[in-house]
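# Structural overview for review
Chain by chain, the residues:
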Amino acid sequence: MPTHVLVTGAAGYLGSVLCEHLLAAGHRVTAIDRLAHNQASLLHLCADPRFEFVRGDARCESLMARLVPDADVLIPLAAVVGAPACDGDPWLARSVNVEAVRLIDRLRSARQLVIFPTTNSGYGTQTGETFCTEETPLEPVSLYGRTKVEAERLLLERPNVVTLRLATVFGTSPRLRLDLLVNHFVHAAATDGYLVIFEKDFKRNYVHIRDVADCFLHVIANADRMTGRPFNVGLDAANLSKAELALRIKEHVPRFCVVFDEVGSDPDKRNYVVSNQRLREAGFEARRSLDDGIRELLRGYRMLPRSTYANV
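Below or above, wherever it landed, is the structure these notes cover.

Our focus in this paragraph is helix 7 (residues 209-221). With 13 residues, helix 7 should cover 18 Å at 1.5 Å per step; its first-to-last C-alpha distance of 19 Å lies within 8% of that length. Counting buried residues along helix 7, 11 of its 13 residues qualify, which places the element largely inside the surrounding structure. Those residues of helix 7 lying buried are Ile-209, Asp-211, Val-212, Ala-213, Asp-214, Cys-215, Phe-216, Leu-217, His-218, Val-219 and Ile-220.

Take the pattern of salt bridges next. With the rule as written, the count across this model stands at 23 salt bridges. Of the charged contacts, one joins Glu-150 and Arg-94 as a salt bridge, the two residues approaching to 2.7 Å between their closest N and O atoms. Of this pair, Glu-150 sits in helix 5 (residues 143-156) while Arg-94 sits in helix 4 (residues 90-107), placing them 56 residues apart in sequence. In this structure, the salt-bridge partner of Arg-280 is Glu-285, at a minimum N-O distance of 3.7 Å. The class of Arg-280 is partly exposed, set by a relative accessible area of 28%. Assessed through its relative accessible area of 48%, Glu-285 is described here as partly exposed. Through salt bridges that share partners, Arg-94, Glu-99, Arg-102 and Glu-150 make up one connected network.

In contact at an axis separation of 9 Å, helix 1 (residues 15-24) and helix 7 are set at 45° when each is read in the N-to-C sense. Here helix 1 lies oblique to helix 7, going by the angle between them. Between helix 1 and helix 7 the crossing geometry is right-handed. Facing helix 1, whose interface residues are Val-17, Leu-18, Glu-20, His-21 and Leu-22, helix 7 presents Ile-209, Arg-210, Ala-213, Asp-214, Phe-216, Leu-217 and Ile-220.

Our focus in this paragraph is the pairing of strand 4 (residues 73-76). Burial of the side chains of strand 4 extends over both faces: Val-73 and Ile-75 are buried on one face and Leu-74 and Pro-76 on the other. As judged from the 4 bridges shared by strand 1 (residues 4-8) and strand 4, these two strands associate in the parallel manner. Paired with Val-7 across the two strands is Ile-75, which belongs to strand 4. Both strand 4 and strand 5 (residues 113-119) contribute to a ladder of 2 bridges, which runs parallel. Bridge pairing in strand 5 links Val-73 to Leu-113.

Parameters and conventions
- Residues numbered from 1 in each chain as written.
- Predicted model: local features only at pLDDT ≥ 70, side-chain atom pairs only at ≥ 80, totals over all residues.
- Heavy atoms only, no water.
- Helix = DSSP H or I, 4+ residues; strand = E, 2+ residues; numbered from the N terminus.
- Expected span 1.5 Å × (residues − 1).
- Buried < 20%, exposed > 50% of the residue type's maximum accessible area, 1.4 Å probe, protein only.
- Salt bridge = Lys/Arg side-chain N within 4 Å of Asp/Glu carboxyl O.
- Axes fitted to C-alpha atoms, helices over the stretch in contact; angles between N-to-C directions.
- Parallel < 35°, antiparallel > 145°, perpendicular 65-115°, else oblique.
- Left-handed = near helix turned anticlockwise from the far one by under 90°.
- Contact = heavy atoms within 4.5 Å.
- Pairing = 2+ DSSP bridges.

Spelled out as structure tokens, the structure:
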């Protein structure tokens, strides 16, 4: 049944794809974004009369008090994303990643569903051998991880909430990001032809951006049996080390020169493999492969101007 979905941070990397999927599924969408990166990533949706864009800040109480009550589903995507960005402005990180989420929760009623995307980097430093499930203790290392875990905890104490612990997302988007690991490695292969990799054996899980968008649709359709719990969202076939990822990309770009070095460290200290069994039991499974994503990115990078899409 079509619903009215309010999405904050809607013009970002994930939001610009998610809004497209929501509209295609028949939902009405109100998109909020302050357009901090001067992006025009939602222009392709403006011909649809079920789409409404509001330029504004998700932390503005008067704005949110006007928009929140009219929605059936609330998706707080607005966030300062990644360890470097959060470390660069800790006050902003906490304001957006925690307080804006707290504001939405305070303004909504119990009938309104919240679907909150967080990060599986909350699992922190693990052995890289044991699968992390939703019952694995959350031990985030970075400020980014800590803010997302705090926001998830406060929401899960409230009714009608589903949280999605996203693996590292990959794939093209109208608001492209090159700082995400797969996107970054493929970009290096396509443009520079080489990459120096530190912590080569550190593992993490990956998922295609359109699988993430489809997962939100699945939650909307199946909220009655999913609320009150977190779900890992990743691709089971893509629990890979950095070295394994780079060598997979090299299969598509044979001239790609990969150098492993001991210098450097991940601010999130991520080294884990993730189980997506709970989500599969709830009826959803990611289906777009890592190889599909690599081929997609290589096609997309042929279109890029000589500029950066880094998350800065």
